[in-house]
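Spelled out from the first residue to the last, the chains are:
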Amino acid sequence: YQSPKSMVNDLSAMGLRHVGYGIPVEMFGPFVTAAVQTVREISQSEAELEAFSWSLDLISRILCRVITEGSTIVMKAINANSAPLLRKAVACAPRGERAAWVLHVQVGTQS
C-alpha cells in the first residue's frame, strides 16, 4: 500500500507469468472465494476479513486484466502446445515482424 505503482508493476509481471502458465481467468473467482472463506474461519475481526477480501479482489482483477490483455494469439497457440496454431498465429504477422510477434508480450509497462 505504500508504493501502489510498484505493486501494480509487480502484479502485472506476475500476471504475464500466469499467461505463460496457461492459467484461465475463470479460476480466480473460486480461488478468491476459497481464500476468503479460509481467512473467515481463522479471523476474529470483521475488519480484517473485509480488508483481506477487498485486497484479494483488487489483486485478482489486476491479474485478470493482465492475463486477458497479455493472451495474444501466439501465447494461446503456445499454451495449447499446437504447432499448427502457432504457424497460423505467426502467419498473421508481416514477414519482417514475425520474430517480434513470437517473442514480445506487453501489458502496460511490463513485457
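Residues numbered from 1 in each chain as written. Predicted model: local features only at pLDDT ≥ 70, side-chain atom pairs only at ≥ 80, totals over all residues. Heavy atoms only, no water.

## Some remarks on the pattern of salt bridges
Here is step 1 of the chain: Tallied over the full model, the rule gives 2 salt bridges.
Here is step 2 of the chain: When the shortest N-O distance is used, the salt bridge between Asp57 and Arg61 registers 2.9 Å. Of the two residues, Asp57 and Arg61 are both situated in helix α3 (residues 46–70); the distance of 4 residues between them amounts to about one turn of the helix.
Here is step 3 of the chain: The salt bridge involving Arg65 is made with Glu69; its shortest N-O contact spans 3.4 Å. Here Arg65 and its partner Glu69 are both found in helix α3, 4 residues apart, which amounts to about one turn of the helix.
Here is step 4 of the chain: Among the residues examined, Arg65 registers a relative accessible area of 34% and is labelled partly exposed.
Here is step 5 of the chain: You can call Glu69 partly exposed: its relative accessible area is 45%. (Salt bridge = Lys/Arg side-chain N within 4 Å of Asp/Glu carboxyl O. Helix = DSSP H or I, 4+ residues; strand = E, 2+ residues; numbered from the N terminus. Buried < 20%, exposed > 50% of the residue type's maximum accessible area, 1.4 Å probe, protein only.)

## Structural notes on the nonpolar core
Here is step 1 of the chain: In this structure, Val32, Ala35, Val36, Val39, Leu49 and Leu56 together form the largest nonpolar core, which totals 6 residues.
Here is step 2 of the chain: Of all elements in the fold, only α2 (28–42) and α3 reach the threshold of two or more residues within this core.
Here is step 3 of the chain: In terms of residue count, α2 provides more of this core than any other element does, 4 residues in total.
Here is step 4 of the chain: The residues touching Leu56, leaving out its near neighbours within four places in the chain, are Val32 and Ala35.
Here is step 5 of the chain: Core analysis: the next-biggest nonpolar cluster, separate from the first, contains 5 residues, Phe28, Leu63, Ile67 and Met75 among them. (Core = buried A, V, L, I, M, F, W, Y, C linked by side-chain atoms within 4.5 Å. Contact = heavy atoms within 4.5 Å.)

Limitation: the analysis is restricted to geometry and does not speak to function.
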